[in-house]
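Inside the fold
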Amino acid sequence: MTAAATGTIVVLSAGAATAAPSTAVSRAAGDDPIVTVSPVDLGALPSFTYVSATSINDRGDIVGSGYSAPYDTHGFRWSRGALTALPDTARGPLRINNAGQIAGSIPGRFYSPGFVLRPDGSVVHLDFSVSDQNERGQVVGTGPLTGGTHAMLWRDGHTVDLGAPAGQSSGARAISGNGWILGDVQTNDHAHDHSARWIRGRWVPLPTATGYGSDINNRGDVVGWAATPTGDTHAMLWQGDRATDLDPHDPLSTAVAINDAGQILGSTYDPATNVGHILLWDHGRRTQLGDFGGLFARPVALNERGDIVVATSTAAFRRSHGRTERLGGSAQPIAINNRGQVVGSTSLPDGTSHAARWDWPERHP
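Within each chain, residue numbers correspond to sequence positions counted from 1 in written order. Since the coordinates come from a predicted model, pLDDT governs what is reported: local features require at least 70, and pairs of side-chain atoms require 80 or more to be given and counted, while whole-chain, interface and lining totals use all residues. Hydrogens are left out, water is left out, and the side-chain values use all remaining heavy atoms of the structure.

Counting its regular elements, the chain contains 0 helices and 36 strands. Seen through its principal axes, the chain has C-alpha atoms that stretch 60 × 55 × 35 Å. Three labels apply to residues, based on accessible area from a 1.4 Å probe with only protein chains included: buried if under 20% of the type maximum, exposed if over 50%, partly exposed otherwise in between. Expressed as a percentage of its 365 residues, the buried residues of the chain come to 50%. Whether two residues touch is decided by their heavy atoms; if any such pair falls within 4.5 Å, the residues are in contact. Of all intrachain contacts in the chain linking residues separated by at least 6 positions in sequence, the fraction that spans at least 24 positions is 41%. Each accessible area is a Shrake-Rupley estimate made with a 1.4 Å probe; only the visible protein chains count as cover when residues are assessed. When the accessible surface of the chain is totalled, it reaches about 16,600 Å², and 52% of it is carbon and sulfur. Only DSSP runs of H or I with at least four residues qualify as helices, and only runs of E with at least two residues qualify as strands; both kinds are numbered from the N terminus onward.

Structure, rendered in structure tokens:
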């Protein structure tokens, strides 16, 4: 049902001014310097120790939340230089689309019910936990049922139960811009759990029994990974009924994101050196981007322009068209928009954190 937002949204603080993002921090032999991009401090909610942004749309509007204790979360929106509190009925924002619609969940100990905060300020209460939202305003997630769960879709003001095969449970993980849905189907003993796409009113398993889908694009292409009989994991691409092993010679590779151009972001891990490496597939060509100077390099995000965000054990980076910038301020990035702006949080010396945004350095087009 739809209810008016409780309380009045008030301005809590304004973001700090942007520092000049132009300091070169390292130079490898024969390489260009890596430039550090200073964060825009988006401020903090009063009385909360940890504040982080979770999503940014292409207009630059940002949502996130702050907390000091588990389940005591409060949401915010940052727009046009001002940080404003969200209603208590919209405390855990996860996504904001270009129309300004916000979707998320209210954190709970055993169950986190979802919500949609419409651009007009009204709040729709959802009977499922939210996992994703698209530009059409469609929202997906997973809701509890007696003895299991079902994937759920909210669209046009109505919730649709996506069901599950008899005696099984389902959950939705992602929805593409044009409505393709990626999820999972689970059996009671979990012996035959599998990822699946929602197609014409039913769940269609990925054409690899051990496949795990992590992302889906507007063509319905899915990326993820699959386990081999020997226990290896290979990055995979599924297009319709066709399965492509993206990394047949790498025993520990995964793919985590795909855009509409077909670019795929993933990673691999070398157990001998205990180092993770970032991978990028572009029109079928695999490129190893390295470890970015730290252990446990992991892919964070990929946008429609092919910009990527990477986090390591020591720093975080944005890479665009072969150029790399370090995200300054003890960066903990979470998301990137299609303009290349990155949001997340930055740790402060006193142990707290503030929501932050990283723009392009002045030399970048």
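The structure having been displayed, the exposition proceeds.
Any carboxyl oxygen of Asp or Glu within 4 Å of a side-chain nitrogen of Lys or Arg constitutes a salt bridge here. All chains considered together, the criterion is met by 10 salt bridges. For R286, the salt bridge goes to D247, with nearest N and O atoms at 2.9 Å. Highlighted residues: R286 in strand β29 (residues 285–290) and D247 in the loop between β25 (242–245) and β26 (253–258), separated in sequence by 39 residues. As a salt-bridge pair, D359 and R357 come within 2.8 Å of each other at their nearest N and O atoms.

Take the environment of D307 next. Here D307 shows up in the loop between β30 (298–302) and β31 (308–311). Its relative accessible area of 0% is what places D307 among the buried residues. For the pair D307 and I34, spaced 273 residues apart in sequence, the C-alpha separation works out to 16 Å. Every residue in contact with D307, bar those within four places of it in the chain, is listed here: A301, L302, R319, S320, H321, I336, G340 and W360. Counted as a polar contact is a pair of N or O atoms within 3.5 Å, where, for protein atoms, one must be capable of donating a hydrogen and the other of accepting one, and residues adjacent in sequence contribute only when both atoms are in side chains. Here R305 takes part through its side chain, which lies 2.9 Å from a polar atom of the side chain of D307.

On to the sheet that holds strand β21 (residues 202–205). Ordered in space as β18-β19-β20-β21, the 4 strands form an open sheet in which the pairing is antiparallel. The open sheet is flanked by β18 (169–175) and β21, the only strands paired with a single partner. Across the sheet, the axes of successive neighbouring strands diverge by a mean angle of 40°, strand direction being ignored. Two strands are counted as paired when DSSP detects at least two bridges linking them. Pairing geometry for β18 and strand β19 (residues 181–186), over 6 bridges, is antiparallel. Across the sheet, residue I175 finds its bridge partner in β19, namely I181. Think of each axis as a best-fit line through the C-alpha atoms, taken over the contacting stretch in the case of a helix, with angles from 0 to 180 degrees between the N-to-C directions.

If you trace the 4 strands from one edge of the open sheet to the other, you get β22-β23-β24-β25, paired in antiparallel fashion. Lying at the two open borders of the sheet, with one neighbouring strand each, are β22 (211–216) and β25. Ignoring strand direction, the axes of neighbouring strands in this sheet form an average angle of 30°. Pairing of strand β24 (residues 233–239) with β25 involves 4 bridges; the strand directions are antiparallel. Across the sheet, the residue bridging to W238 is A243, located in β25.

Before going further, it helps to examine the side chain of S253. With respect to the helices and strands, S253 occurs in strand β26. A polar contact of 2.9 Å, which involves the side chain of S253, links it to the backbone nitrogen of A235. A polar contact is formed between the side chain of S253 and the side chain of D247, at a distance of 3.4 Å. If sequence neighbours within four positions are ignored, S253 has contacts with W225, T233, H234, A235, D247, S267, T268 and L279.

Bringing the pairing of strand β27 (residues 264–270) into the picture now. With respect to burial, β27 is a largely interior element, 5 of its 7 residues being buried. Of the strand pairs in this sheet, β26 and β27 are connected by 5 bridges, and their pairing is antiparallel. Within β27, the position partnered with I258 by the bridge is I264. Summarising the sheet, β27 and strand β28 (residues 275–282) pair through 7 bridges and their orientation is antiparallel. Note on β28: the bridge partner recorded for S267 is I278. Connecting β27 to the next strand, β28, in antiparallel fashion are 4 residues, including N274 with a positive phi near 60°.

Turning our eyes to something else, we now look at the environment of D161. Looking at the secondary structure, you find D161 in strand β17 (residues 158–163). We classify D161 as partly exposed; its relative accessible area is 41%. Sequence separation between D161 and G143 is 18 residues, and the spatial gap between their C-alpha atoms is 8.8 Å. Sequence-distant contacts of D161, that is, excluding residues within four places in its chain, are made with L145, H150, A151 and M152. A polar contact is formed between the side chain of D161 and the side chain of H150, at a distance of 2.9 Å. A polar atom in the side chain of D161 sits 2.8 Å from the backbone nitrogen of G163.

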